[in-house]
Amino acid sequence: LRATRIKRTKTVCTFCGVGCTFEVWTKGRKILKIQPTPDAPVNGISTCVKGKFGWDFINSEERLTKPLIRKGDEFYEATWEEALELIANKFQEIRERDGADAFGFISSSKCTNEENYLMQKFARAVIGTNNVDNCSRYCQSPATTGLFRTVGYGGDAGTIYDMAGAGLAIIVGANPAEAHPVIATRLKRAHKLNGQKLIVADLRKNEMAERSDLFLRPAPGTDHVWLSAVTKYIIDQGWHDREFLTKRVNGFDEYVKSLEKYTLEYAEEVTRIPKEQLIQTANMIYEADGTAIFWAMGVTQHCGGSETSTAISNLLLVTGNFGRPNAGAFPLRGHNNVQGACDFGALPNFFPGYELVTDDAVRERYEKAWNVKLPREKGLDNPGMVEAIHKGKLKAMYLMGEDMAWVDSNANHIHAALEKLEFFVVQDVFFTKTAQFADVILPASPSLEKEGTFTNTERRIQRLYQALEPLGESLPDWKIITALANHLGAHWCYEHPGEIMAEAASLTPLFAGVTYERLEGWNSLLWPVNADGTDTPLLYTERFPFPDGKAQLMPTDWVPPVKTGDEYDLVLNNGRLLEHFHEGNMTNKSRGLLYKVPDTFVEVSPELAKERGIKDGSLVRLESEYGAVKLRVIVTDRVRGNEVYVPMNSTNEDSAVNLLTNSFYDLVTHTPAYKETRVKMQVL
Ligand code: SF4
């Protein structure tokens, strides 16, 4: 009877940063249904197609169920004891010979806050290096930097209710209808029923662009210019919020001087957006009761990603759109826990809660709590680690829950680096492309098989509960890291993720009042959380987190996109699809989703198709300076002229978009400039 019992378990969706919660109904290992409820604080009774139908991968026959150890070109199944002992011995040998900085650690935006906390603790306290990073490096670091510089916190200014309540929503370089569907639903409803105005700025005419009141279509890589020109025009018209600027913001005069060159005429010439549309944008901001700006990879994955993100924050400061409801900056986080992976310290320069590793007082607090000496210098970020491998300085890597061989830019360059590693440990749910380079592969459990917390794009921390037992001998990542730390001489005795959160909260002012009791059931907390448990749905109402409590306008300059040889005559844009999670490593194993979108493709404009004699379904070869792929064509006016679009999911090694992308980076954060790749096309 017990075996046939139907169980209902609250979980948090693992497919994007919206943070939908729902009940999963299970019977044995069978998932019967996903049921959202009105109690869910973000999504209520909504989910998207991934949240509803994306869970077949849990019972996939391709799941890793035992540790694997490399022998020549093959892997053999090993016991946990054998695998952990091998890793511990090899780690000790490399650390004694080459030092702690010969290690790199990649943590995961798919793993829980507690697991990210443990991964950075393992790197810092057990091995002794700050070389730890997570996949926010590929996407959101420039947005966080833009906000850190100007308003002090890197997270969204308010909640999903502020997003929907804004008088004007501006979406720049993001495709929420596919990448953040439940947020898009809120915005669609606000637009249709509540009179919210909508501006979309994008290369591609996506669904939100179709629905918008104003669609700006800039030349590739020029968002910074039109944003700065609109800000200058607003100031020139005297439409800036003088009272807010005087009371709450530093640096106005210097900032105004920095805008001198950003006239409407200059912006029209560079961006090809008609001057009238820029004036209309400024008018709509001036007239709106609260402006919320949303942005994602179309802004951040450029050499000037941090500069453009800063320009967005500057525009919001000039117009008084921080510290009030229904307004502010809303970078849209991609992975389900990209916010939490950063919040809990899986970064080379920050302890949990964004306290610098170079700050003596902070470091001493952690040294005392962990009873170790900690490294004083900032570590290597993800691209820095790859280059250090190529130079022979970084010898060993421990990677948790990221398929960097497919998701890092310029995949061939990454593969060459991974081949050079002396010792490589991969911890994942599947035998990924990255796992093919590993020496030891550790089988991990996905979200439905463990407890923990995720933090969504609003800074909302929510609990997930264990719906299923781990498959085979797979284990939750926090248990694996704990076991490995203890094999290396640590004395960690965590029995439950709640104890890990309690430790993190005791050390991190940002999470001082976070407890599992306060997060019970459908409850959630938005950081900063005070010791008494009061949280902060809306940031900056009283002060900005700078010494004098004031925000800082920061002059920036446009960084033009990188140039390539003339033979690469097409601009390659890339991004997500509604039906797939990033490169597809989970959703490709969900039958319904794969049936709906079986592989990736390239979108080609009608003009380009006519010029090259291409039809829907034609097979083409795209080639960049870095690699080549073969794809089927969809002819669509979603793209225009010489711009092509390739979704990032793929099911075979011939079609992965990152075989094409480059090795240029945001100048501040080293986020790859995925969106600055040029290709040429050959019809096959
Ligand atoms: Fe999951 Fe995002 Fe869809 Fe919500 S919107 S169900 S979090 S993929």
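From a predicted model like this one, the values you see are computed outputs, not experimental measurements.

J.: Sorry, what's going on with the confidence of the model for the protein chain here?
T.: Interpretation of the predicted coordinates at a detailed level should be avoided for regions scoring low in pLDDT. For the protein chain, the average pLDDT comes to 96, and 100% of its residues sit at 70 or higher. Here the prediction assigns the complex a pTM of 0.97, and the interface score ipTM is 0.99.

J.: Mind showing me how you'd approach the site of the ligand here?
T.: By nearness alone, 14 residues border the ligand, and C13, C16, C20, C48 and G51 come closest of all. Among the elements of the structure, α1 (49-53) and α7 (181-193) are those that each provide at least two residues to the shell around the ligand. Taken together, the residues that form the shell around the ligand break down as 8 nonpolar, 5 polar and 1 charged.

J.: Teacher, can you tell me more about the domain arrangement of the protein chain here?
T.: By a frequent convention, interface size equals the accessible area lost on bringing the separate parts together. We note that the domain assignment places domain 1 (2-59), domain 2 (68-138 + 336-522), domain 3 (142-332) and domain 4 (570-661) within the protein chain. One C-alpha centre belongs to domain 1, the other to domain 2, and the line joining them spans 26 Å. The partner domain 2 presents 18 residues to the 21 residues of domain 1 that form the contact. Per-class residue counts for the side of domain 1 that touches domain 2 are 10 nonpolar, 7 polar and 4 charged.

J.: Help me understand the pairing of strand β12 (residues 291-295) in this model?
T.: Along any regular strand the residues' side chains alternate between the sheet's two faces. Taken across its 5 residues, β12 has 5 buried, putting it largely inside the fold. The pairing of strand β8 (residues 168-172) with β12 spans 5 bridges and is classified as parallel. Its bridge partner being in β12, L168 is matched across the sheet by T291. With 4 bridges connecting them, β12 and strand β13 (residues 328-331) associate as parallel partners. By the bridge assignment for β13, A292 is matched with G328.

J.: What is the right way to look at unusual backbone geometry in this model?
T.: A negative phi holds for most residues other than glycine; trans holds for most peptide bonds. Cis geometry is found at the peptide bond from W527 to P528, where omega equals -5°. With respect to the helices and strands, the residue P528 is situated in the loop between β21 (524-526) and β22 (551-552). Phi is positive for R459, which is not a glycine, with a value near 80°. Along the chain, R459 turns up in the loop between β19 (452-455) and β20 (460-464).

J.: How should helix α4 (residues 141-150) be read in this particular structure?
T.: Note that an α-helix has 3.6 residues per turn; residues three or four places apart therefore point the same way. Taken across its 10 residues, α4 has 9 buried, putting it largely inside the fold. Among the structural elements, β12, α14 (297-300), α15 (305-318), β13, α16 (338-343) and β22 are those in contact with the buried residues of α4. At the exit of α4 stands G152, carrying a positive phi of roughly 100°.

J.: Teacher, can you tell me more about the environment of I279 here?
T.: Residue position: I279 is located in helix α13 (residues 275-287). Once the C-alpha coordinates of I279 and E93 are considered, the two residues, 186 residues apart in sequence, prove to be 64 Å apart.

J.: Where do I start with helix α3 (residues 113-127) in this structure?
T.: Between its first and last C-alpha atoms α3 spans 20 Å; for 15 residues at 1.5 Å apiece the expected length is 21 Å, and the two agree. In the structure, α3 departs most strongly from a straight axis at K121, where the bend amounts to approximately 30°. With 15 of 15 residues buried, α3 lies mostly within the body of the structure. The positive-phi residue at the C-terminal boundary of α3 is G128, with phi of around 100°.

J.: Whenever I open this one, the sheet that holds strand β2 (residues 21-27) confuses me. Can you help?
T.: The strands making up a sheet associate through hydrogen bonds between their backbones, and the pairing can be parallel or antiparallel. An order of β1-β2-β3 is seen for the 3 strands of this open sheet, with the pairing classed as antiparallel. Edge strands, defined here as strands with exactly one partner in the open sheet, are β1 (6-12) and β3 (30-35). Sheet twist, expressed as the mean angle between neighbouring strand axes with direction ignored, is 30°. Pairing of β2 with β3, which is carried by 5 bridges, proceeds in the antiparallel orientation.

J.: Help me understand the packing of α3 against helix α21 (residues 477-487) in this model?
T.: Each pair of packed helices can be summarised by the angle the axes make with each other and by the distance between the axes. One way to put it is that α3 packs onto α21 with a least axis distance of 9 Å and a crossing angle of 15°. When the axis of α3 is compared with that of α21, the two are roughly parallel. As α3 packs across α21, the resulting crossing turns out to be left-handed. Packed against α3, whose contacting residues are E114, E115, L118, M119, F122 and V126, the element α21 presents D477, W478, I481, T482 and A485 at the interface. Residues that form the contact of α3 with α21 fall into these classes: 7 nonpolar, 1 polar and 3 charged.

What counts and what doesn't
Residues numbered from 1 in each chain as written. Predicted model: local features only at pLDDT ≥ 70, side-chain atom pairs only at ≥ 80, totals over all residues. pLDDT = per-residue confidence, 0-100. Near = placed C-beta within 6 Å. Helix = DSSP H or I, 4+ residues; strand = E, 2+ residues; numbered from the N terminus. Nonpolar A, V, L, I, M, F, W, Y, C, P; charged D, E, K, R; others polar. Domains from an automatic or database assignment. Contact = placed C-beta atoms within 7 Å. Buried ≥ 20, exposed ≤ 12 C-beta atoms within 10 Å, placed from the backbone. Pairing = 2+ DSSP bridges. Expected span 1.5 Å × (residues − 1). Bend = angle between axes of the 7 residues up to and from the residue. Axes fitted to C-alpha atoms, helices over the stretch in contact; angles between N-to-C directions. Parallel < 35°, antiparallel > 145°, perpendicular 65-115°, else oblique. Left-handed = near helix turned anticlockwise from the far one by under 90°.

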